[in-house]
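Here is how the chains run, residue by residue.
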Amino acid sequence: MNFELEEMDMKKLGRRSIWLGSGWKMHKTLAEAISYAKSLRMYVETEGTNLHLFVVPPFTVLHAVSQILKGTSIDVGAQNMHWEDSGPFTGEISPTMIKDTGALIIELGHSERRTWFGETDSMVNMKVLAALRHGLRPLICVGEVVNEKESGQSERAVLQQVKNVLKNVPMHLLPSIMIAYEPMWAIGESGTAAKPDYVNNMHQLIRTAVAEFSQDCYAKSLPVLYGGSVNINNAAIFIEQPNIDGLFVGRASLEVDSFIQIMRSIEHKASISTLSPQSDY
Ligand code: PGA
């Protein structure tokens, strides 16, 4: 990844790089995945983009999608992995296997993994450490559950998660990390998107926590993305907030045309407005 070039491009937009990711969850056959990746590649090669795009397909299509997107500016990520390099862990995928596919990003600790598969902060932490050992870029998902929100515990819960998942991460590897703030009550069919200023505040808190953890280094450049019911109608509004560095989209990005529309709406917003510079934490 050429971060210097990215910074230069984004200066034209008045802020650091904006990330936009599509998480496919348990969707898409090989044929569907290939068609999506080819269309996205063609679009980006023809029209260009200032956004830092990534897609996060299921394991079965990771290699094929990585091959199609190789040599483009679009990164590929996996949705989960085990922390061990190999061993008797039936059904699991190791960091070396993920690397084999060509994926660079590894999504860890998504709330669906926590809810349905019992993932805890300490498991996520082991995965984060393993990912960094293998040169993968962790996209760590954190976010409060509805009870925590209703009892006014959101900030405490999210900050505790951040602290837990970053435990023992060597400071010099912090620049490889991205955080996705995804409140559980905002995700999926039954979710409602969080309010942009609510998200902005939470992102600022996350940044402050990382600043404390890293003795003020790296927190400013930490990408903090928002995910949860992002769609074509709200994407650009989120991006107006100074502490939202990008968006991680599920349902509304499953069709490549919708993902491209979201991309265009963000680019349009960035080109017509002088977005406020990244706030100090
Ligand atoms: P959604 O999913 O956009 O479908 O709410 C977001 C996510 O789970 O990351």
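Residues numbered from 1 in each chain as written. Predicted model: local features only at pLDDT ≥ 70, side-chain atom pairs only at ≥ 80, totals over all residues. Heavy atoms only, no water.

Caption draft 1: Inspection of the packing of aromatic side chains at higher detail. In this structure the tally under the stated criterion is 6 aromatic pairs. Ring centres of Tyr181 and Tyr226 lie 6.4 Å apart, and the angle between their planes is 50°; on these two criteria the pair is classed as tilted. Note that Tyr181 is positioned in strand 6 (residues 178-181) and Tyr226 in strand 7 (residues 224-227), a separation of 45 residues in sequence. Aromatic ring contacts, followed pair by pair, group Trp19, Phe54 and Phe248 into a single cluster. One residue, Lys28, lies across the ring of Trp24, its end atom 5.6 Å from the ring centre. In this arrangement the basic side chain of Lys149 is found over the ring face of Trp185, its NZ or CZ atom lying 4.5 Å from the centre. (Phe/Tyr/Trp six-rings, centres within 6.5 Å; stacked < 30°, edge-to-face > 60°. Helix = DSSP H or I, 4+ residues; strand = E, 2+ residues; numbered from the N terminus. Lys NZ or Arg CZ within 6 Å of the ring centre and 35° of its normal.)

Caption draft 2: Quick peek at the packing of helix 8 (residues 154-165) against helix 9 (residues 196-213). Following both chains from N to C, one finds helix 8 and helix 9 inclined at 40°, their axes separated by 10 Å at the closest point. Considering the angle they form, helix 8 stands oblique to helix 9. Taken as a pair, helix 8 and helix 9 cross one another with a handedness that is right-handed. Of the residues in helix 9, those touching helix 8 at Ser154, Glu155, Val158, Leu159 and Val162 are Tyr198, Asn201, Met202, Leu205, Ile206, Ala209 and Val210. Tallied by class, the residues present in the contact of helix 8 with helix 9 amount to 9 nonpolar, 2 polar and 1 charged. (Axes fitted to C-alpha atoms, helices over the stretch in contact; angles between N-to-C directions. Parallel < 35°, antiparallel > 145°, perpendicular 65-115°, else oblique. Left-handed = near helix turned anticlockwise from the far one by under 90°. Contact = heavy atoms within 4.5 Å. Nonpolar A, V, L, I, M, F, W, Y, C, P; charged D, E, K, R; others polar.)

Caption draft 3: Examining the site of the ligand more closely. In the vicinity of the ligand, the residues found are Lys25, His110, Glu182, Ile187, Gly188, Gly228, Ser229, Phe248, Gly250 and Arg251. Here an oxygen atom of the ligand sits 2.6 Å away from a polar atom, N or O, in the side chain of Lys25. In this structure, an oxygen atom belonging to the ligand sits 2.6 Å away from a side-chain N or O atom of His110. Residues belonging to the shell around the ligand are distributed by class as follows: 2 nonpolar, 5 polar and 3 charged. (Near = heavy atom within 4 Å. Polar contact = N/O pair within 3.5 Å; in protein donor to acceptor, adjacent residues only side chain to side chain.)

Caption draft 4: Main features of the sheet that holds strand 8 (residues 246-249). Read around the barrel, 8 strands follow the order 1-2-3-4-5-6-7-8 and close on themselves; strand pairing throughout is parallel. Going across the sheet, the axis of each strand differs from the next one's by a mean of 25°, ignoring polarity. With 4 bridges joining them, strand 1 (residues 19-23) and strand 8 adopt parallel strand pairing. By the bridge assignment, Trp19 is partnered in strand 8 with Gly246. (Pairing = 2+ DSSP bridges.)

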